[in-house]
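Examining the three-dimensional arrangement
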Amino acid sequence: MPLREFAAWTLAHGLQRRVLQRAAAKGDVMALLATDPAFYDDPYPSYERLRADGPVVRNGFVAGTVDHAVANAILRSDDFGTGAGQGELPAPMRRLHGLVRDPDTLSPVDPPSMLAVDPPVHTRYRRLVARAFTARKVGRMADRVQDVASRLLDDLEREPTFDLVGRYAAQLPVAVIADILGVPDAERSQVLGWGNHAATTLDPGLSWAEYRRAATALREMHAWFGHHLERLRRNPGDDLLSQVLQDPEAAELTEEELHAIGLLVLGAGFETTVNLIGNAVVLLDAHPDQLARLQADPDAWADAVEEVLRYDAPVQLTMRAAVRDTEVAGHRISAGEAVLVYLGGANRDPAAFADPGTFDVRRSNAADHIGFSAGVHFCIGASLARLEATVALRTLYERYPDLRVVGRPERRTTRVLRGWEYLPVSTVARVPA
Ligand code: HEM
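These numbers were taken from a predicted model, which means no experiment stands behind them. (Residues numbered from 1 in each chain as written. Predicted model: local features only at pLDDT ≥ 70, side-chain atom pairs only at ≥ 80, totals over all residues. Heavy atoms only, no water.)

Regarding the overall build of the protein
Scanning the protein from N- to C-terminus turns up 21 helices and 12 strands. Computed over its C-alpha atoms, the radius of gyration of the protein comes to 21 Å, within 12% of the 22 Å expected for a compact globule of 433 residues. Viewed in the frame of its principal axes, the protein has a C-alpha envelope of about 65 × 60 × 40 Å. In the protein, buried positions account for 55% of the 433 residues. By sequence separation, contacts in the protein at least 24 residues apart represent 73% of the contacts at least 6 residues apart. Of the roughly 18,800 Å² of accessible surface on the protein, a fraction of 54% belongs to carbon and sulfur atoms. Seen as two clouds, the 48 positive and the 58 negative side-chain charges of the protein have centres 3 Å apart. (Helix = DSSP H or I, 4+ residues; strand = E, 2+ residues; numbered from the N terminus. Rg over C-alpha atoms; globule rule 2.2 N^0.38 Å. Buried < 20%, exposed > 50% of the residue type's maximum accessible area, 1.4 Å probe, protein only. Contact = heavy atoms within 4.5 Å. Areas by Shrake-Rupley, 256 points an atom, 1.4 Å probe, with all protein chains shown as cover. Lys, Arg positive; Asp, Glu negative; His and termini not counted. Charge placed at Lys NZ, Arg CZ, Asp CG, Glu CD.)

So, empty space enclosed by the protein
Sizing a probe to match a water molecule and rolling it over the atoms shows the empty space that remains. Taken as a whole and assessed by the stated rule, the structure comprises one cavity of 30 Å³ or more. Quantified by volume, the largest cavity comes out at close to 90 Å³. Lining the largest cavity are Leu 128, Val 129, Leu 181, Leu 240, Leu 241, Val 244, Leu 258, Ile 261, Gly 262 and Val 265. Take the lining of the largest cavity: its biggest share by element is four residues, from helix H16 (residues 255–271). The residue inventory of the lining of the largest cavity, partitioned by class, reads nine nonpolar, one polar and no charged. (1 Å grid on protein atoms, 1.4 Å probe; cavity = no way out; pocket = protein on both sides within 12 Å on 5 of 7 lines; lining within 4 Å. Points joined across faces, edges and corners; volume = space filled by probe spheres on them. Nonpolar A, V, L, I, M, F, W, Y, C, P; charged D, E, K, R; others polar.)

Description of the site of the ligand
The immediate surroundings of the ligand are formed by 27 residues, with His 122, Thr 318, Ser 373, His 377 and Cys 379 found nearest. Here an oxygen atom of the ligand and a side-chain polar atom of Arg 126 are 2.7 Å apart. Elements with a minimum of two residues in the shell around the ligand: helix H7 (121–130), H16, helix H17 (273–286) and strand S5 (317–322). Broken down by element, the shell around the ligand gets its largest block of residues, four residues, from H16. (Near = heavy atom within 4 Å. Polar contact = N/O pair within 3.5 Å; in protein donor to acceptor, adjacent residues only side chain to side chain.)

A look at helix H1 (residues 3–25)
Along its length, H1 shows its largest kink, about 55°, at Thr 10. Elements that come into contact with the buried residues of H1 comprise helix H2 (29–35), helix H6 (91–100) and helix H13 (208–234). (Bend = angle between axes of the 7 residues up to and from the residue.)

Thoughts on the pairing of S5
Counting buried positions over the six residues of S5 gives five, a clear majority of the element. The pairing of strand S3 (residues 80–81) with S5 spans two bridges and is antiparallel. When the sheet's bridge partners are listed, Gly 81 is paired in S5 with Ala 321. (Pairing = 2+ DSSP bridges.)

Quick look at the pattern of salt bridges
All chains considered together, the criterion is met by 28 salt bridges. Here Arg 212 and Glu 5 are joined by a salt bridge, their closest N and O atoms 3.3 Å apart. Here Glu 5 lies in helix H1 and Arg 212 lies in helix H13, a separation of 207 residues in the sequence. Linking Arg 231 and Glu 187 is a salt bridge whose minimum nitrogen-to-oxygen distance equals 2.8 Å. Residue Arg 231 is located in helix H13, and its partner Glu 187 is located in the loop between helix H11 (171–180) and helix H12 (188–198); the two are separated by 44 residues in the primary sequence. Given a relative accessible area of 28%, Arg 231 falls into the partly exposed group. Salt bridges linked by common partners bring Glu 5, Asp 102, Arg 212 and Arg 219 together as one network. (Salt bridge = Lys/Arg side-chain N within 4 Å of Asp/Glu carboxyl O.)

Side note on the pairing of strand S8 (residues 338–342)
Counting buried positions along S8 gives five out of five residues, so the element sits mostly inside the fold. The alternating pattern of S8 places Ala 338, Leu 340 and Tyr 342 on one face and Val 339 and Val 341 on the opposite face, and all of these are buried. Note that strand S2 (residues 63–65) and S8 share three bridges and pair parallel. Across the sheet, the residue bridging to Ala 63 is Val 339, located in S8. Summarising the sheet, S5 and S8 pair through five bridges and their orientation is antiparallel. By the bridge assignment, Leu 317 is partnered in S8 with Tyr 342.

And the structure:
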């Protein structure tokens, strides 16, 4: 057994797994949400149990909130930081983990990932990437997104049933982000495979087997990305990564920082939007009246995407740790204390959304959801994700107005990311009995 890897797992996941399992056995809702498939398959009843206990709840290890106002306040407050991506661990364990972890397996929640650093370091990284994802630049990608969607559906023309996730929802975002980062077509499916394994590292308390699978994928992904960077340095294209590599500010970044930034944008670019598209198809299948409204008014697709982000958020959870003693909603949070911010729960807060358990594609304030987070870490790719999902769904239902879910869809087993692994659909109209 590779000792260093085992030590890194023990510190980052193993001990926490033990604590979570014990707390879950005693019925702690936050621990059950992190460990028990019966709870994270449908987390919404558990969010209501947490809500009934107040705007900030505690289980002796962490605090948590499903309150929209509190969640928003925490995410926007500079009294809170990312806790180096592991705010729930005691500081000495975090420091030790920083020493033993293998730099070749750094994950999206390990510093120096943008998700795990605070300003001013975060500001420097973010500035470099944000330039590429302004609403104007994303607007110029609309034709390309449409081409990809149409081409993927052309390829499915002769198949009356197919896996919507594997053949469409996952393929579209990976093709778009690969273009943006100059990744050749032939390498995309490999990148998708690594990304699926790496995505599990967002979850707390991984088993040793899960951790090892993710570490292997991350190691291979880092090695590939090193080659990719070399290739673009020697032969720059007109992609974002080539531009970043020529930026004088990027010249000051270490290789480790470049990997962290590049791989986060790449992974975040396809591991999330796939869930948004899949969740939307399942919701529309279960709510034919809502689909009919969209088919009668195709301009409403963009609003429908906001409602899917609210009703069934593709990223359910993030975490912040207080950097100083502070107070939210009348609750004192001590320096170092971690708070689980349940984005998916906050999006169902009746104080923010009337009748929050109703899926309504015309909800007037759906865009007040915090599915893309808020504050300095607000999703850089939000405009791109909105564009991709709107185009993907509109094009899908224009081509196949009778599309329906058939067979047995399978959920992804991830807890932070919520979506479908396998989603069989039929494009053929149901024959009336
Ligand atoms: C439906 C699709 C998406 C969802 C739901 C989503 C959600 C999120 C959330 C919740 C965060 C912040 C996490 C936190 O506060 O701790 C985030 C950050 C981020 N997202 Fe997205 N995302 C999506 C698509 C994308 C795409 C397409 C990209 C590609 C460009 C992207 C790139 C990023 C990056 C780079 C960050 C880190 C920002 C920072 O830390 O400053 N995301 N995303």
